[in-house]
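Analysis of the macromolecular model
Chain by chain, the residues run as shown.
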Amino acid sequence: MKKFTNVADIGDLDKALAEAADIKRNRFAYTGLGRNKTLMMIFFNSSLRTRLSTQKAAMNLGMNVIVLDVNQGAWKLETERGVIMDGDKAEHLLEAIPVMGCYCDIIGVRSFAGLKDKKEDYEDRVIEQFIKYSGRPVFSMEAATRHPLQSFADLITIEEFKTKPRPKVVMTWAPHPRALPQAVPNSFAEWMNATDYDFVITHPRGYELDPMFVGNAKVEYDQRKALEGADFVYAKNWSAYADPNYGKVLSTDRSWTVDAEKMALTDNAFFMHCLPVRRNMIVTDEVIESDRSIVIPEAANREISAQTVIKRLLESL
Ligand code: AN0
Ligand code: CP
C-alpha cells in the first residue's frame, strides 16, 4: 500500500479486518518492521485521538515519530500556487512538503475542509499535494473529504460488537453549534457501503451528503423511523453540503439529540461516536454513559486501524 486516503486503498476488507485482529492480539509482533524508520505526523488542525493513537501505533512497530503542529511554531504556509506572497505567509507548501519528506519515511497529514470553497475542499488539495510532492507514502489523519482511520476503527468496532451477520447501522445527524466538515460522515458512509450491512442515513432536509458517499445507503428523513430496529447508532454532526449552503449550520434543533427515548426505538443498539462529542447537543449524558455506549472501545481501536495501515505502508518501502 503506497497511500491511504480512502476505503479503496485498503483493498479487501475481510483481509484488512483479519490483519487488524491479528495486530490486536499481539501488537508487538512487528517491532522490527519500523526500526530506523521515521513517521512524520503533520497537523494543520487540532487532535487528541489521532495524534495519540497514531503515535502509539508507530511506536508499537518500532518507529521513531516526529510530530509537527503547523500552526504552532512553523512558518505560516501558503497553499495556493501563483499567489504573490507579500502577506503573512512566509513559506509555500510546495517547498515545505518535499523538505518534510527529506526527514522521514512515511507521512501522516491532518488537514480539514475550509468549508468556504466546496470545489477546493472536495479536490482534497492539501493531502493530494503531499502525495504528489513528498516522495513518501502518505496517509490521511482526516483530510477535507474523508477520515479513513476513523472509519476503519469504526468497522473493526462494529465487527467486534455485532451479534447478527448483517446488523442495521444507522448514521444520524445531530446538532452542534459550529460548522463541522462532512469528512467523518462521508467516510463512514463510504466504508459502510463497502460492507453488506443494512445501512441507513438520517438527517434533516438540507443536510444531504455528496451522493458519491451516500452510495446505496437508505436515506430516511424521519429520525425515529430510521432508528427502529437499529443495532448500531452512529451519531455525528456535519454542516450542509448542498449549494447554496455549503459549509453552513442550517439547524441546531435539539429534537435530533440522541437520548434514551430515541435509543428505546432501536433493537438495544450500541451507541457510537468518533469523539470529540458535545454532550447534550449530540447525545445525552445518560446515553453516552450507558452500558450500550461503545465510544471508548471505538476510540481504542484507532490504535489498531493506524497500526494496520502504517504496517502496510512500511511493508511497501
Ligand atoms: C472534527 C470533525 O467533525 O471533522 C473532528 C472529528 C474527528 N470535529 C470537530 O471539529 C469538533
Ligand atoms: N476521532 C478523532 O479523530 O479525534 P481527534 O480529532 O481528537 O483526533
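Read on for an overview of the structure. (Residues numbered from 1 in each chain as written. Chains lettered and ligands numbered in written order. Predicted model: local features only at pLDDT ≥ 70, side-chain atom pairs only at ≥ 80, totals over all residues. Heavy atoms only, no water.)

Thoughts on the overall build of the protein chain
Scanning the protein chain for helices and strands turns up 13 helices and 12 strands. The C-alpha radius of gyration computed for the protein chain amounts to 20 Å, which stays within 12% of the reference 20 Å derived for 317 residues, consistent with globular compactness. Viewed in the frame of its principal axes, the protein chain has a C-alpha envelope of about 55 × 50 × 30 Å. Looking at the protein chain alone, contacts between residues at least 24 apart form 78% of all its contacts between residues at least 6 apart. Carbon together with sulfur atoms contributes 50% to the accessible area of the protein chain, which is approximately 13,900 Å² in total. (Helix = DSSP H or I, 4+ residues; strand = E, 2+ residues; numbered from the N terminus. Rg over C-alpha atoms; globule rule 2.2 N^0.38 Å. Contact = heavy atoms within 4.5 Å. Areas by Shrake-Rupley, 256 points an atom, 1.4 Å probe, with all protein chains shown as cover.)

Focus on the environment of G11
Relative to the elements of secondary structure, G11 occurs in the loop between helix 1 (7–10) and helix 2 (13–25). Sequence spacing of G11 and M1 is 10 residues, and the spatial spacing of their C-alpha atoms is 9.0 Å.

Comments concerning the packing of helix 7 (residues 148–161) against helix 8 (residues 183–193)
Running from amino to carboxyl end, helix 7 crosses helix 8 at an angle of 50°, the nearest separation of the two axes being 9 Å. The orientation of helix 7 with respect to helix 8, classified from their angle, is oblique. Helix 7 and helix 8 meet at a crossing whose hand is right-handed. Mapping the contact onto sequence places P148, S151, F152, D154, L155 and I158 in helix 7 and S187, F188, W191 and M192 in helix 8. When grouped by side-chain class, the residues that make up the contact of helix 7 with helix 8 number 7 nonpolar, 2 polar and 1 charged. (Axes fitted to C-alpha atoms, helices over the stretch in contact; angles between N-to-C directions. Parallel < 35°, antiparallel > 145°, perpendicular 65-115°, else oblique. Left-handed = near helix turned anticlockwise from the far one by under 90°. Nonpolar A, V, L, I, M, F, W, Y, C, P; charged D, E, K, R; others polar.)

Concerning helix 7
Taking 1.5 Å of rise per residue, the 14 residues of helix 7 would be expected to cover 20 Å, and the 20 Å separating its terminal C-alpha atoms lies within 8% of that figure. With respect to burial, helix 7 is a largely interior element, 11 of its 14 residues being buried. Of the residues making up helix 7, those classed as buried are P148, L149, Q150, S151, F152, A153, D154, L155, I156, T157 and I158. (Expected span 1.5 Å × (residues − 1). Buried < 20%, exposed > 50% of the residue type's maximum accessible area, 1.4 Å probe, protein only.)

Looking at the state of the cysteines
This model, assessed by the stated rule, comprises 0 disulfides. For the unlinked cysteine C104, the closest cysteine sulfur is that of C102, found at 8.6 Å. Of the residues examined, C104 reaches a relative accessible area of 3% and is grouped as buried. (Disulfide = S-S within 2.5 Å.)

Focus on the site of ligand 2
Close to ligand 2 lie S47, L48, R49, T50, R110, H147, Q150, C274, L275 and R302, which account for all nearby residues. Here T50 contributes a side-chain N or O atom positioned 2.6 Å from an oxygen atom of ligand 2. Within the contact set of ligand 2, an oxygen atom lies 2.8 Å away from a side-chain nitrogen or oxygen of R110. Summarising the interface, the protein chains cover 93% of the accessible area of ligand 2, which totals 260 Å² for the free molecule. A domain-level breakdown of the shell around ligand 2 finds at least three residues from each of domain 1 (3–146 + 302–315) and domain 2 (150–299). (Near = heavy atom within 4 Å. Polar contact = N/O pair within 3.5 Å; in protein donor to acceptor, adjacent residues only side chain to side chain. Domains from an automatic or database assignment.)

Side note on the packing of aromatic side chains
Within this structure, the stated rule accounts for 12 aromatic pairs. Between Y122 and Y246, the ring centres sit 6.3 Å apart and the planes meet at 75°, which makes this aromatic pair edge-to-face. Linking Y122 in helix 5 (residues 118–122) with Y246 in the loop between strand 11 (232–236) and helix 11 (260–263), this pair joins segments that are 124 residues apart in sequence. The buried category is assigned to Y246, whose relative accessible area is 9%. Arranged with centres 3.6 Å apart and planes meeting at 5°, the rings of F188 and Y234 form a pair that is stacked. Here F188 is found in helix 8, whereas its partner Y234 is found in strand 11, with 46 residues between them in sequence. Three or more aromatic residues joined by ring pairs form one cluster here, namely F4, F152 and W191. The ring of F270 carries the charged tip of R292 above its face, separated from the ring centre by 3.9 Å. (Phe/Tyr/Trp six-rings, centres within 6.5 Å; stacked < 30°, edge-to-face > 60°. Lys NZ or Arg CZ within 6 Å of the ring centre and 35° of its normal.)

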